[in-house]
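Commentary on secondary and tertiary structure
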Amino acid sequence: MIGARPGADNRAMSAAPLRNDVFLRACLRQPTDYTPLWLMRQAGRYLPEYRATRERAGSFMGLATNPTFATEVTLQPLERYALDAAILFSDILTVPDAMGLGLSFEAGEGPRFERPLRDEAAIRALQVPDLARLRYVFDAVAMIRKALDGRVPLIGFAGSPWTLACYMVEGAGSDDYRHVKTLMYARPELLHQILTINAAAVAAYLNAQIDAGAQAVMVFDSWGGVLAHDCFARFSLDYTRRVMDLLTRERDGRAVPRIVFTKGGGPWLEAIAACGADVVGLDWTVPLRTARARMDDRVALQGNLDPAVLFAAPEVVAAQARAVIDDFGAQRRSDGRWGGHVFNLGHGISQHTPPDHVHALVEAVHGHSRRVLSASP
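Anyway, here's the lowdown on the structure attached to this text.

Procedures and definitions
- Residues numbered from 1 in each chain as written.
- Predicted model: local features only at pLDDT ≥ 70, side-chain atom pairs only at ≥ 80, totals over all residues.
- Heavy atoms only, no water.
- Phe/Tyr/Trp six-rings, centres within 6.5 Å; stacked < 30°, edge-to-face > 60°.
- Helix = DSSP H or I, 4+ residues; strand = E, 2+ residues; numbered from the N terminus.
- Buried < 20%, exposed > 50% of the residue type's maximum accessible area, 1.4 Å probe, protein only.
- Pairing = 2+ DSSP bridges.
- Contact = heavy atoms within 4.5 Å.
- Axes fitted to C-alpha atoms, helices over the stretch in contact; angles between N-to-C directions.
- Polar contact = N/O pair within 3.5 Å; in protein donor to acceptor, adjacent residues only side chain to side chain.
- Left-handed = near helix turned anticlockwise from the far one by under 90°.
- Nonpolar A, V, L, I, M, F, W, Y, C, P; charged D, E, K, R; others polar.
- Salt bridge = Lys/Arg side-chain N within 4 Å of Asp/Glu carboxyl O.
- Disulfide = S-S within 2.5 Å.
- Expected span 1.5 Å × (residues − 1).

**As for the packing of aromatic side chains**
- If you walk through the whole model with that rule in mind, you get nine aromatic pairs.
- Between Phe157 and Phe220 the ring centres are 5.7 Å apart and the planes differ by 85°, which places this aromatic pair in the edge-to-face class. One end of the pair, Phe157, is in strand β4 (residues 154-159); the other, Phe220, is in strand β5 (residues 216-221), and 63 residues separate them in sequence. Across this residue pair, the class does not change: Phe157 and Phe220 are buried.

**Things to note about the sheet that holds strand β10 (residues 300-302)**
- The strand order across the open sheet formed by seven strands is β1-β4-β5-β8-β9-β10-β11, and the pairing between neighbours is parallel. Edge strands, defined here as strands with exactly one partner in the open sheet, are β1 (86-87) and β11 (341-342).
- As defined by bridge partners, strand β9 (residues 279-281) adjoins β10 across three bridges and the pair is classed as parallel. Within the sheet, the bridge partner assigned to Val280 lies in β10 and is Leu301.
- Contacting β9, β10 and β11, helix α13 (residues 288-295) runs over the sheet at an angle of about 150° to β10.

**Section: the side chain of Gln302**
- Position of Gln302 among the secondary structure elements: in strand β10.
- Overall, Gln302 belongs to the buried group, its relative accessible area being 2%.
- Polar contacts involving the side chain of Gln302 include one to the side chain of Trp38, which spans 3.1 Å.
- Excluding anything up to four places from it in sequence, Gln302 contacts Phe23, Trp38, Met218, Ile259, Val279, Val280, Gly281, Leu282, Val342 and Asn344.

**Quick word on the packing of helix α7 (residues 135-148) against helix α10 (residues 188-212)**
- Orientation of α7 relative to α10, taken along the N-to-C sense of each, is 35°, at an axis distance of 8 Å. Like other packed secondary-structure pairs, α7 and α10 cross with a definite hand, here right-handed. Residue-level inspection shows Val137, Phe138, Val141 and Ala142 of α7 in contact with α10, the latter providing Tyr205, Ala208, Gln209 and Ala212.
- The class makeup of the residues in the contact of α7 with α10 is seven nonpolar, one polar and no charged.

**Here we look at the pairing of strand β8 (residues 258-262)**
- For β8, a buried count of five out of five residues is recorded, marking the element as mostly surrounded by other parts of the structure.
- Burial along β8 is two-sided: Arg258, Val260 and Thr262 and Ile259 and Phe261, pointing in opposite directions, are all buried.
- Bridge count for β8 against β9 is three bridges, and the pairing is parallel. Residue pairing for β9: Val260 is matched across the bridge by Val280.

**Some details on the pattern of salt bridges**
- For the structure shown, the criterion picks out 19 salt bridges.
- A salt bridge links Arg251 to Asp211; the shortest N-O distance between them is 3.5 Å. Of the two residues, Arg251 is situated in strand β6 (residues 250-251) and Asp211 in helix α10; the sequence distance between them amounts to 40 residues.
- Relative accessible area serves as the criterion here: at 22%, Arg251 is assigned to the partly exposed category.
- Ionic pairing is found between Asp238 and Arg241, a salt bridge with its closest N-O pair at 3.0 Å. Taken as a pair, Asp238 and Arg241 lie in helix α11 (residues 232-246) at a separation of three residues, close to a single helical turn.
- On the basis of relative accessibility, which here comes to 32%, the residue Asp238 falls in the partly exposed class.

**Description of helix α5 (residues 94-101)**
- The element α5 is extensively covered by neighbouring structure, given that seven of its eight residues are classed as buried.
- Those residues of α5 that fall on the buried side of the exposure criterion are Thr94, Val95, Pro96, Asp97, Ala98, Met99 and Leu101.
- Tucked into the core, α5 has its buried residues touching α3 (60-64), β2 (103-106), β3 (110-113), α7, α8 (161-170) and α10.
- Of the residues trailing α5, Gly102 is marked for its positive phi of about 75°.

**Comments concerning the state of the cysteines**
- Applying the stated criterion to the full structure yields zero disulfides.
- Of the cysteine sulfurs around Cys27, a residue in no disulfide, the closest is that of Cys275, at 14 Å.
- Unpaired in this structure, Cys166 has its nearest cysteine sulfur neighbour in Cys231, at a distance of 12 Å.

**Some remarks on the environment of Pro287**
- Relative to the helices and strands, Pro287 is located in the loop between β9 and α13.
- On a C-alpha basis, the gap between Pro287 and Ala98 in space is 38 Å, while along the polypeptide they are 189 residues apart.

**A word on α7**
- Here α7 contains 14 residues, and its C-alpha end-to-end distance of 20 Å stays within 8% of the 20 Å for a straight helix at 1.5 Å per residue.
- Taken residue by residue, α7 has Tyr136, Val137, Phe138, Ala140, Val141, Ala142, Ile144, Arg145 and Leu148 as its buried positions.
- Buried positions along α7 lie against α3, α4 (67-80), β1, α5, β4 and α10.
- At the C-terminal side of α7, Asp149 shows a positive phi close to 55°.

Shown next, in the form of structure tokens:
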């Protein structure tokens, strides 16, 4: 059935009790003893063990569509580092692939669709996919959740409707977004058609991940920042809000935090904070203190170290991490309200990052935040 939820069989119901819930509490702006940390793309090419697993899998898609391999690489960074959350190993383009666009990954070229949406007939024919075609993702979520054995929470994710539309129309990554922006200005009704389908698909996809065991979910609006100031709300944020409105809010008696990250979203922080997310992710261009003041602690914040910092010496990495912690400030405000901070990078970790530098980052975040929070009123 179209839109059925294969994850709804409660395979994670018997999962072990969660032993470290600091990430979830920070997402909900509840007091924590230290600032939790996870990294976008934390399971990836910077780790030699990931590269070895990918070689065994034969290809990226061979890795991502095999729940056993996906579980293995999801857990790899947690074996190295004291991270406070795991994130499902997958790709944001699994949804349009299930729509029949023909996803492939060529070495050195990134993702590519065999059948991009370049004419009205193809757009009119687009439908929310049968989620049974994404069963491998939900199986991976359930398998990862079981393998974590309550160590840390598991984050599920999807691309935003706008970001997916960019890939679906362009057919690959883009420097100028010529095809999708031409469609936006020349035939906006067709782009809205794509976005409407994408929003319904993303919501169903994330809810199925929650059913399978994801304890938080994140929407990556990776290309929201390429939109003009008067286009962001209409073509990106309005559809992310639709997704937020449709998401499962609670599972197994516990809230399921919703995270939205818009790369380049600094101009629209107040609007993003009002979209229904519990957490707003920030890139490295906006000071946490400034973002916190603009959003008035209506949401928790996630971020926002420049990933390039990790190329510097470990002592520089540690100093920059401490600066991010200090920039956020105390959790508790003078009026008694609480803010929440999840430490992360401002975008994904680079494949060229020295793994030992990540050790320095984790130790600095946990150590310094404990000192800061223990001294706070």
